[in-house]
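Residues per chain are reported as follows:
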Amino acid sequence: MFFPPSILRVRIVRDGQRKRNMFVPLILLWPLVLLIALLMLPLMAIVAIFRRRGVWRMLKSAARFAVFCSDARGLHFEIHNARDDILLYLR
């Protein structure tokens, strides 16, 4: 089932103590992405007049981006620095 990540959690740890713990609601960004996609439709129509393969490439890349976003749920990054540890979680 296609369900993109809805929350990004950022945790900054310095010397074993938590300094920042933020939640970024990604669910608020997805309507903006949908709006941008709808605004791109006229551009795709213009490209379709001149190059049919260009439109298919754009559609394929949009589909791959959607698959990447849905597969990114549960992904986490750990960035270690000399002083700080930054943890990013996609939920």
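Every residue gets a number counted from 1 within its own chain, in the order that chain's sequence is written. Local features in this predicted model are restricted to residues whose pLDDT is 70 or higher, and side-chain atom pairs enter the listing and the counts only when it is 80 or higher, whereas totals over whole chains, interfaces and linings include all residues. The side-chain quantities take in all heavy atoms of the structure and omit both hydrogens and water.

It is worth spelling out the overall build of the protein chain at this point. Summing up its helical and strand segments, the protein chain has 2 helices and 4 strands in all. Counting from the N terminus, the helices are the DSSP runs of H or I reaching at least four residues and the strands are the DSSP runs of E reaching at least two. For the protein chain, the α and β elements follow one another from N to C terminus as β-β-α-α-β-β. Atoms counted for the radius of gyration: C-alpha only. Globule rule: 2.2 Å times residue count to the power 0.38. Computed over the C-alpha atoms, the radius of gyration of the protein chain is 18 Å, more than 25% above the 12 Å expected from 2.2 N^0.38 for a compact globule of 91 residues. Taken along its principal axes, the extent of the C-alpha atoms in the protein chain is 60 × 25 × 25 Å. Each residue is placed in one exposure class: buried if its accessible area under a 1.4 Å probe, protein chains only, is under 20% of its type's maximum, exposed if it is over 50%, and partly exposed if it falls in between. Looking at the protein chain as a whole, 19% of its 91 residues are labelled buried. Working rule for contacts: check all heavy atoms of both residues, and any pair within 4.5 Å makes them a contact. Restricting to contacts in the protein chain with at least 6 residues of sequence separation, those with at least 24 account for 46%. Carbon together with sulfur atoms contributes 67% to the accessible area of the protein chain, which is approximately 7,600 Å² in total. Separation between the mean location of the 15 positive side-chain charges and that of the 5 negative ones in the protein chain comes to 15 Å. Areas reported as accessible are Shrake-Rupley estimates using a 1.4 Å probe. Residue values count occlusion only from the protein chains shown. Here the positive residues are Lys and Arg and the negative ones are Asp and Glu; neither His nor the chain ends is included. Charged side chains are reduced to one point each, which is NZ for Lys, CZ for Arg, CG for Asp and CD for Glu.

Expected helix span is taken as 1.5 Å per residue step, with the number of steps being one fewer than the number of residues. End to end, helix α2 (residues 52-71) covers 29 Å across 20 residues, agreeing with the expected 28 Å (1.5 Å per residue, within 8%). What α2 keeps buried is the set Gly54, Val55, Cys69 and Ser70. Buried residues of α2 fall within an arc of 150° about the axis and therefore sit on the same side. Within α2, the exposed residues directed more than 90 degrees away from the buried face are Arg52, Arg53, Trp56, Arg57, Lys60, Arg64, Phe68 and Asp71. Those residues of α2 that are buried lie in contact with α1 (30-50). What the arc describes is the spread of directions from the helix axis to the C-beta atoms.

Glancing now at the sheet that holds strand β1 (residues 7-14). Here the rule is simple: two strands pair whenever DSSP picks up at least two bridges between them. A sheet is described by the order of its strands in space; here 4 strands give the open sequence β2-β1-β4-β3, paired in antiparallel fashion. Either end of the sheet is taken by a strand with one partner, and the two such strands are β2 (17-25) and β3 (76-80). Pairs of neighbouring strands in the sheet enclose a mean axial angle of 10°, with direction left out of account. As a rule, the C-alpha atoms of each element are fitted with a line to give its axis, helices using only the stretch in contact, and angles between N-to-C directions run from 0 to 180 degrees.

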